[in-house]
Amino acid sequence: MSDPDVLVAGAGPAGLLLAAELALAGVRTTIVERLPERPPYCRGFNLNSRSLDLLARRGLAEGLVAEGHRVPIAPVTGLPDPLLLDGTATDHPFSLGIPQTRVEEVLEARARELGVEILHGHELRSFRQDGDGVTASIHNGLDIRARYLVGCDGGRSTVRKQAGIEFPGVDARWYALLGDVECELPYGPSAGPDGRSVFVIPRPGYVRIVVREDDPPSDKDTPVTLERLQEQVDTALGRHVELRAPRWLTRFGNAARLAARYREGRVLLAGDAAHIHPPAGAIGVNVALDDAFNLGWKLAATVHGTAPDGLLDTYHDERHTAGTRILANTQAQVALEEAGAEPWADLMRRVAAHPAGNRALAEIITGLDACYEPGGHAWLGRLAPDVPLRVSGAETHLANLLHAGRPVLVDLTSSGAFGAWSAGVAVVMASTLDTADTSGIDAVLLRPDGHVAWVGTRDSGDTGLAEAVHRWVGDVPVPASA
């Protein structure tokens, strides 16, 4: 095995997508995963609108959407009515019910197709970094030398701990048991005589039961047994409902922590290694994908030596800010659920019932409000909408221009005013279809992740374009056509 440019610890959604993004950009990438194979249980069943929008920028969303189940709402905790996604700032106004295991299969196939080496049953035990790279020691005596190491190894991340990155936050105040079992309880919440509830979520061939745990053990890693889950369900309901055929039993709490920094020298963090939070809003896997999509192109440019100064540091700047907001909104949902008749809780429910409030909350909870350059034009810093275009006489969509993972300058002028502009970025000559709303834009510079780095209008011309290219792309020329 030859040493890679980047070593990724963890073959979950963050690690797999990150590795695929790096390989797409020509970066030699290896994943080490401590588990010998993917677990038989499934942690999550939801891809939100933001994740689908991002995956569409690489051509990965359509197949998943065809397999999954569309639900026109955003998962939310603490509100009596769902948050509708119709009218929100997304190309996919629905949540997609699809097993996380299937998402991982698709991402793993993508990574392998692009040449990523994936080593299952290889646990990273320790590492040391120097000015040129990182040497990682694997449990079987293997040493791997890489220029960068990315920890995508979960909430108890070995990479984060050994890098000395603090993980401030709050400990769990309560724990809940989760069990994938068979039983006769109806879907939804079932309340007992003392007001405790058991939540039942339908799954293919079984149900997922969630119940708060009374008097959890001092060692929260104590395995959950079917007998323990049965006892807690019976206590909550005040009656016996038989639970059978357990597929997965686990325990989770409402701890919330955020890594103090997402980068320490040549070591970076993504996904649960960078943040843990309550499961409210079913956001976990979606945030992990968002981290990976933001980091991949920046780390690739850094490895290739084409990145402008400070580009890799913008990963922390953008995603740590996003992580802070995610912790806040998940904790707020839990507080709202527990608030009952508190006046402020009633106020929030009234806001959510208003169409404008519904839309705003849906965009916050799903991350659709993500904006890395607040202020200026409405598109600036946001994920560019997937408007229909005509390129070289053929109809296409803006997302398709990003499949190669490169920055793109889209010239929408009929005269091709930006067609000769080739300072380090591919140029696509396009025209909008009648159904497209481009808000008077003449040209737009897209980062490889689809976020808008610069907007040119009829009034502004190319003012600020050179500065934007220098900031996000650098000055190394690339082909001037997509």
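Chemist: Go over the overall build of the protein chain with me, naming the residues and quoting the values.
Modeler: Counting its regular elements, the protein chain contains 11 helices and 29 strands. Projecting the C-alpha coordinates of the protein chain onto the three principal axes gives extents of approximately 75 × 60 × 35 Å. Buried positions account for 54% of the 482 residues belonging to the protein chain. Intrachain contacts of the protein chain at a sequence separation of at least 6 include 69% that bridge at least 24 residues. Only carbon and sulfur atoms are counted for the fraction: they give 51% of the accessible area of the protein chain, which is about 20,800 Å². Across the protein chain, 45 positive and 62 negative side-chain charges occur, with their mean positions spaced 2 Å apart.

Chemist: A description of the side chain of Thr413 should follow, citing residues and the corresponding values.
Modeler: Mapped onto the elements of the fold, Thr413 is located in the loop between strand E25 (408–411) and strand E26 (426–429). A distance of 2.6 Å separates a polar atom in the side chain of Thr413 from a polar atom in the side chain of Asp411. Beyond its immediate stretch of four places on either side in the chain, Thr413 contacts Phe418 and Asp442.

Chemist: Got a sec to walk through unusual backbone geometry? Specific residues and values, please.
Modeler: Notably, Ala282 is not glycine yet its phi reads approximately 50 degrees, a positive angle. Even without being glycine, Ser392 reaches a positive phi, approximately 55 degrees.

Chemist: So what's going on with the sheet that holds strand E20 (residues 263–264)? Which residues, and what values?
Modeler: Strand order in the open sheet made by the 6 strands is E8-E2-E1-E12-E21-E20, with mixed pairing throughout. Only two strands of the sheet have a single neighbouring strand rather than two, namely strand E8 (117–120) and E20. Two elements, strand E1 (residues 6–9) and strand E2 (residues 29–33), share 4 bridges in a ladder whose sense is parallel. What sits directly across from Val8, in E2, is Ile31. Against the sheet, helix H7 (residues 284–304) contacts E1, strand E12 (148–151) and strand E21 (267–269), and its axis sits at roughly 165 degrees relative to E12.

Chemist: If you had to explain helix H4 (residues 100–113) to someone new, which residues and values would you point to?
Modeler: An ideal rise of 1.5 Å per residue puts 20 Å on 14 residues; H4 measures up with 20 Å between its terminal C-alpha atoms. Within the sequence span of H4, burial applies to Gln100, Val103, Glu104, Val106, Leu107, Glu108, Arg110 and Ala111. Where the residues of H4 are buried, they touch helix H1 (13–24), strand E3 (46–47), helix H2 (49–56), helix H3 (61–67), E8 and H7.

Chemist: How would you explain the side chain of Arg58 if you had to name every residue and give the values?
Modeler: Position of Arg58 relative to the elements: it lies in the loop between H2 and H3. According to the relative accessible area criterion, Arg58 is buried, its value standing at 4%. Apart from the residues lying within four places of it in its own chain, the contact partners of Arg58 are Glu21, Leu24, Arg110, Phe293, Leu402, His403, Gly405, Pro448 and Asp449.

Chemist: Report on the environment of Leu401, specifying residues and quantitative values.
Modeler: Inspection of the secondary structure puts Leu401 in the loop between strand E24 (394–397) and E25. For Leu401, a relative accessible area of 16% gives the class buried. Counting along the chain gives 27 residues from Leu401 to Val428, while the straight-line C-alpha distance between them is 8.2 Å.

Chemist: Could you give me a rundown of the environment of Thr29, with the residues and numbers involved?
Modeler: In this fold, Thr29 is placed in strand E2. Its relative accessible area of 5% is what places Thr29 among the buried residues. Each C-alpha atom, one on Thr29 and one on Gly121, is 17 Å from the other, the two residues being 92 residues apart in sequence. Non-local contacts of Thr29, meaning those with residues more than four positions away in its chain, are made with Pro4, Val6, Val8, Ala19, Leu22, Ala23, Val116 and Glu117. A polar contact is formed between the side chain of Thr29 and the backbone oxygen of Val27, at a distance of 3.0 Å.

Chemist: Explain the pattern of salt bridges to me, using residue names and the numbers behind them.
Modeler: As enumerated under the stated definition, the model contains 34 salt bridges in all. For the salt bridge of Arg38 with Glu104, the shortest nitrogen-to-oxygen distance reads 3.0 Å. Of this pair, Arg38 sits in the loop between E2 and E3 while Glu104 sits in helix H4; the two residues are 66 residues apart in sequence, bridging distant segments of the chain. Put simply, Arg38, Glu104, Glu108 and Arg112 are held in one network by salt bridges that share partners.

Chemist: So what about the packing of H2 against H7? Which residues, and what values?
Modeler: Each pair of packed helices can be summarised by the angle the axes make with each other and by the distance between the axes. Running from N to C, H2 and H7 point in directions that differ by 35 degrees, and their axes come no closer than 9 Å. Judged by the sense of rotation from one axis to the other, the crossing of H2 with H7 is left-handed. Two secondary-structure elements touch here, H2 through Arg50, Ser51 and Leu54 and H7 through Asn286, Leu289, Asp290 and Phe293. When grouped by side-chain class, the residues that make up the contact of H2 with H7 number 3 nonpolar, 2 polar and 2 charged.

Thresholds, definitions, all that
- Residues numbered from 1 in each chain as written.
- Predicted model: local features only at pLDDT ≥ 70, side-chain atom pairs only at ≥ 80, totals over all residues.
- Heavy atoms only, no water.
- Helix = DSSP H or I, 4+ residues; strand = E, 2+ residues; numbered from the N terminus.
- Buried < 20%, exposed > 50% of the residue type's maximum accessible area, 1.4 Å probe, protein only.
- Contact = heavy atoms within 4.5 Å.
- Areas by Shrake-Rupley, 256 points an atom, 1.4 Å probe, with all protein chains shown as cover.
- Lys, Arg positive; Asp, Glu negative; His and termini not counted.
- Charge placed at Lys NZ, Arg CZ, Asp CG, Glu CD.
- Polar contact = N/O pair within 3.5 Å; in protein donor to acceptor, adjacent residues only side chain to side chain.
- Pairing = 2+ DSSP bridges.
- Axes fitted to C-alpha atoms, helices over the stretch in contact; angles between N-to-C directions.
- Expected span 1.5 Å × (residues − 1).
- Salt bridge = Lys/Arg side-chain N within 4 Å of Asp/Glu carboxyl O.
- Left-handed = near helix turned anticlockwise from the far one by under 90°.
- Nonpolar A, V, L, I, M, F, W, Y, C, P; charged D, E, K, R; others polar.

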